[in-house]
Structures are given as C-alpha cells and as structure tokens.
Amino acid sequence: MSLNVHNQLMDDIRHNAAGIVIRDVNLSYGQTHVLKGINLTIEPGEFFAFLGPSGCGKTTLLRLIAGFNIAQTGTVSVGGADVSGLPPWKRDVGMVFQSYALWPHMSVAQNVAFGLEERRIARDEIISRVDQALELVGLRHLKDRKPSQLSGGQQQRVALARTIAIRPKVLLLDEPLSNLDAKMRVQVRRELRELQQELGITTIFVTHDQEEANTICDRIAVMHDGIVQQVGSPMDLYDRPANLFVANFLGTANILPGTLSSDRKLFRLAGGSDIPVAADVLALDKPQLVFRPQNAALADERGQAAEGRTRLAGEVTNSEFLGSSVRYGIRIGGTDVLVDVAHQSGVEPLRPGSRVAVDLDHARALYLNA
C-alpha cells in the first residue's frame, strides 16, 4: 500500500470518529435489572474501557451501543445522532466479538470483504478496502488463508481488519484478548493501542482484566451490579477510588476499620492507634482507612515514626516473592494487611512470626465509607 493510500485511509477513519453519549439508560431482562441509570460521555477518538467483574453489565452495555440490545428507557447517541431505535447495520459502528466470529469456509480476504459486500459496495472499492485493512494489521500476505490456518493473534487481527474496512465511527471490542495466551495478550494489546492511536478512532474495550484496561485505555468506567461506579483515567481511579469496590477491584487495597475520635480529628484503629485525619474525612458516615501495599513501609517496631507517619506494630504472617518486590502479610491488631518491599538480591525475606512495624504515610492514606 502506497503512503498516499495509507494516509487517505487514516484520514477517512479519523474523520469518521464520533463521540458517544448515553443518557438515563435502564435495561432489564424480565425481573432482572441489568443496567441501572447509565450516564456516560465518550469523546471522539478516545480509547475507553468498560471494566468490571462477570455479570456487572459491561458486555450488555456494549451490545446496547451496537444495537443488539434495546433499553427500556434512555438514549444512545453516536456523533450527535440518536441511534436508540436503529438496527445494528444502520448505526455505523463496528464490533469485534470475543469469539472473532470468522467464517471458517472463507479466506481471510473474503472474511474482511463480507461486511462491505453486505453494504453493496462496488467490487473495485471492496478489493481496495480489503487490501488496505489487511495491510494495516500486517496480514495482507495471508489473505488467501483460511482462519484455521492462522494463530489466535492473527485471527484477532482479521476480525479487526474486517471491522476497520467498513470505516465505522466507533470500534467496539468485546474482550478480544480473552482467547489468547498470556504472552500473546501483552503483544496484541500493545498492537491494539498503537493501531487505535494511529487511526484516531473512538474505541470501547470491554474487559474484566484491570491490567488490560490500565495499559491501553485513556479512561475507564468501572462497573458493578449494573451501575457505573466511577469514571476516570487509570491513575485517577487507582489513586483516588470513589468507593471500596473501586479500591478493591483496581489493584490491591488494605482496608482497616476504625472510628473517628469524639473531636473528629483522629481516626482510631481497632488496635488502638490514632491517625490524624484531613477535614474531608469528616463528611464520611463510616470511614475506613485504605492504603495500597506500596504506600506503607516496614520498620523496626522499637523506633519512632517520622513526622507525618504513624507506626503500627505487627507480626509477619507470610511472604510472596513477586520478582521486583516481596509482598508481606502483616497482622496488626487482628487485621491482616499487605506491604510491598523492593526486592534486593541477597536479602532474605522476613520469616513468619517476625515482629515488625508498618509505617503509614498520612498523605497517602485514603478514607472511604464502609
């Protein structure tokens, strides 16, 4: 493919990129309320993720945008146009399914051409678009093979090429990496990110894997029980979770119960230690202390904590070697917490039963309602 043709393809897809607005969407299957009051705005050209555990409603929401599901209330707009009542083939969106949905009896080129033929595109245009799409995903040299002759990663790229060929306004990806082994997932997700940035196409990625969402997406909507819990960049969600579910789902979080002192200036842990709290904690009804394993440090329990830190005495219960770090389980006043310590070659890990202290940095402590 010549540079001019490649640039034209990029321009066509980037020009088509459209924003998505979802307003007041509720969807039920019988008595089961699957999506509950969904409101989201996805910007043109954004790489956005629906992230959450199985059954949270993320795939249902993706299929709603595609037109395979219909909500009882609310609207879905693509590029400023309400598409809520339109069938899938009139929404100008492209979807890559978890199973890839390739026709086994067709060649790679025929699979990519399928959607164009359904749209009654001229034959010369179909040939050109198929070649362009396969060149873009690096598979033009395999266009005469059948899907069974390809690896899982190559099949995924064929499914992606088939969607790109129709020049959609929005690209929808339904857990496209779940059928790949761990090493291939890392490679393909990097390719997806690079391709999305090159195309500038609005993309929504559904996954239950926080690492996948964190590494390739601009923003994430964390979902649970049919409700959008929080929307933000991966770092914002990790550092400033809105609730305990988000804190637990995005990475590992230690959660320590306690109560506010009578003057509401101290958070009193179950073991008796007091931690100064910021003014914004006072607005919480039932605050709990939350901190990440890397936001605490192990210390000698006989020493004094530095200013701005609280030292909590504890006992090592277990350790896990994670390569770059050792993760210790520490029991503090009947509560188990995790603390990550950078691994140093030649340094033996602490044994279970060792007495230690955990230093908490007040500035890195979060307080969330129970």
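Here the residue index of a chain counts from 1 through its sequence in written order. Local features are withheld for residues below a pLDDT of 70 in this predicted model, meaning they are given only at 70 or higher, and side-chain atom pairs are given and counted only at 80 or more; totals for whole chains, interfaces and linings count all residues. As a rule here, side-chain values cover all heavy atoms of the structure and leave hydrogens and water aside.

Some thoughts on the sheet that holds strand β19 (residues 335-342)
Spelled out, the test is: At least two DSSP bridges between two strands are required for those strands to pair. Numbered from the N terminus, helices here are DSSP runs of H or I no shorter than four residues, and strands are runs of E no shorter than two. Each axis is a line fitted through C-alpha atoms, taken for helices only over the stretch in contact, and angles between the N-to-C directions span 0 to 180 degrees.
An order of β16-β20-β17-β18-β19 is seen for the 5 strands of this open sheet, with the pairing classed as antiparallel. Of all strands in the sheet, those with a lone pairing partner are β16 (296-299) and β19, marking the two edges. Across the sheet, the axes of successive neighbouring strands diverge by a mean angle of 45°, strand direction being ignored. Where strand β17 (residues 309-321) lies against strand β18 (residues 325-332), 6 bridges are found, and the strand directions are antiparallel. Within the sheet, the bridge partner assigned to Asn 318 lies in β18 and is Gly 329.

Considering the environment of Gly 55
Put simply, the rule reads: Residue burial is assigned from relative accessible area. The probe radius is 1.4 Å, only protein chains are included, and a residue is buried under 20% of its type maximum, exposed over 50%, and partly exposed in between.
In this structure, Gly 55 sits in the loop between β3 (47-51) and α2 (58-66). With a relative accessible area of 78%, Gly 55 lands in the exposed category. When the C-alpha positions of Gly 55 and Val 34 are compared, they lie 8.5 Å apart, and in sequence the two are 21 residues distant.

A few points about the side chain of Thr 335
Operational definition: Contact between two residues is taken to exist if any of their heavy atoms lie within 4.5 Å; hydrogens are not considered.
The topology assignment puts Thr 335 in strand β19. A relative accessible area of 17% means that Thr 335 is categorised as buried. In contact with Thr 335, not counting residues within four places along its chain, are Ile 255, Leu 256, Pro 257 and Ile 330.

Interpretation note: all reported values are geometric properties and have no functional meaning in isolation.
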